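Fold and geometry: a report
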Amino acid sequence: MADRVTVIGWDGSPLTTAARSALSAATLVAGAAHHLALPEVPPTAERIRLGSVALAARRIAAHRGTAVVLADGDPGFFGVVRTLRAPEFGLEVEVVPAVSAVAQAFARAGMPWDDAQVVVAHRRTLRRAVNVCRAHSKVAVLTSPGAGPAELGLLLDGVHRTFVICEELGTEREQVSVVTSDKAADHSWRDPNVVIVIGGAAAQDSGWIAGRDPGTDPRGWALPAAAYGGEHELGEGETDRIRAAQLARLGPRVGDLVWDIGCGSGAFAAEAARFGAAVIAVDRDPDSCARATAVARRFGVQAHIVHGTAPHILESLPEPDVVRVGGGGAAVVSAVADRRPERIVTHAATRDAAELLGRNLSEHGYAVECALLQSVELDTRAWTERKRTVVFLLSGLLLDRTA
């Protein structure tokens, strides 16, 4: 094992005294090509071109001497430190940080970033990174080849955002550009780059916690009808008890894309968005779309409201993770299941209708659960029944997505 491992962050500025001291004593130096070209790297040191951090960690673990790893920005923030400290390598590291690429990007833009989400986009995580950009008003994306500004813009089709694209920060080729998301694919962008994605409803200032301030949301989930304008605003299948069961079955989370088909008042769409998920809400009634837009705005969440009739409108929508079908019957459930989301929930008023929907989901490869939900609301002044709701709740879980 190496006698000592020091990880040095580099942001283009002169190295600190501590960084120069560690480099001067190094017998092995790992880093990208531009790191290994720094004049402070000892000419006699073994050099490793950093590609796979895990492979480099194995070589460092086997090295007898003093090792230094050079990395851009803050190596402890989505950087190499996590891999180097993995138990299988047994490395104890010292870190000399620099300014992170995200901090540099926001500094170039002259913007605060304590209210921003930060995501890493690789080919395998690009879709989830895009969903975060759909769901939040300020996101910093650490990109990679094949998952850069152009790809982000293409996948955000239909959602207007502004991109602040910071290329090769800290170098002589540094460049900052501002474009709309629909124009990002018209350009070629140099790696590495950071994209600040801005748009939608602005987050409220918190001053005490990074990201979205949970204190700006009303406390609780499956809020009562009064939160959405009263019972007359809610349609069939939108009661608070049914919404609670639907949210529990779907489990929307950050990075997910939720479809709400037949969104009605927008109550479910707003609550799914409050979990941090991206939401596309569809309804054939323009008045329902207007109400859903107003509800999302009132709760300060992002939701893309689409006016159209399912199942036809669904063909143009991006791939969902979980779906609530609030209307449309078996034809819509079948069209949704064809897109293979991990989870689907829907409801039916009768046992025959529930059986038809359940068989449809089963034929598409979903494990189906069905429960009869009955809620009785009491007038607590006289303890008499005020309202009774009975509905069949169906949920489908796609087994080949969860194995």
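Let us look at the structure shown here. All values derive from a computational prediction rather than experimental measurement.

The sheet built from 7 strands is open, its strands ordered β13-β12-β11-β14-β15-β17-β16 with mixed pairing. Edge positions in the sheet fall to β13 (304–307) and β16 (366–379), since each of these pairs with one other strand and no more. Averaged over all neighbouring strand pairs, the angle between strand axes comes to 20 degrees, with direction disregarded. Bridge count for strand β15 (residues 343–348) against strand β17 (residues 384–398) is 6 bridges, and the pairing is antiparallel. Bridge pairing links Thr 346 to Leu 394 in β17. Contacting β11 (257–261), β12 (278–283) and β13, helix α6 (residues 126–135) runs over the sheet at an angle of about 70 degrees to β12.

This part covers the pairing of β17. In this sheet, β17 lies alongside β16 in antiparallel orientation, the contact comprising 14 bridges. By the bridge assignment for β17, Val 376 is matched with Arg 388. Adjacent in sequence and paired antiparallel, β16 and β17 are bridged by 4 residues, among which Trp 383 carries a positive phi angle near 55 degrees.

This part covers the packing of helix α8 (residues 240–250) against helix α9 (residues 267–274). Across the interface, α8 lies against α9 with an axial gap of 11 Å and an inter-helix angle of 40 degrees. As far as their axial angle goes, α9 and α8 are oblique. Remark: the crossing between α8 and α9 carries right-handed chirality. Listed contacts from α9 to Arg 243, Gln 246, Leu 247 and Leu 250 of α8 are Ala 267, Phe 268, Glu 271 and Ala 272. Per-class residue counts for the contact of α8 with α9 are 5 nonpolar, 1 polar and 2 charged.

Reading the values: the criteria
Residues numbered from 1 in each chain as written. Predicted model: local features only at pLDDT ≥ 70, side-chain atom pairs only at ≥ 80, totals over all residues. Heavy atoms only, no water. Pairing = 2+ DSSP bridges. Helix = DSSP H or I, 4+ residues; strand = E, 2+ residues; numbered from the N terminus. Axes fitted to C-alpha atoms, helices over the stretch in contact; angles between N-to-C directions. Contact = heavy atoms within 4.5 Å. Parallel < 35°, antiparallel > 145°, perpendicular 65-115°, else oblique. Left-handed = near helix turned anticlockwise from the far one by under 90°. Nonpolar A, V, L, I, M, F, W, Y, C, P; charged D, E, K, R; others polar.

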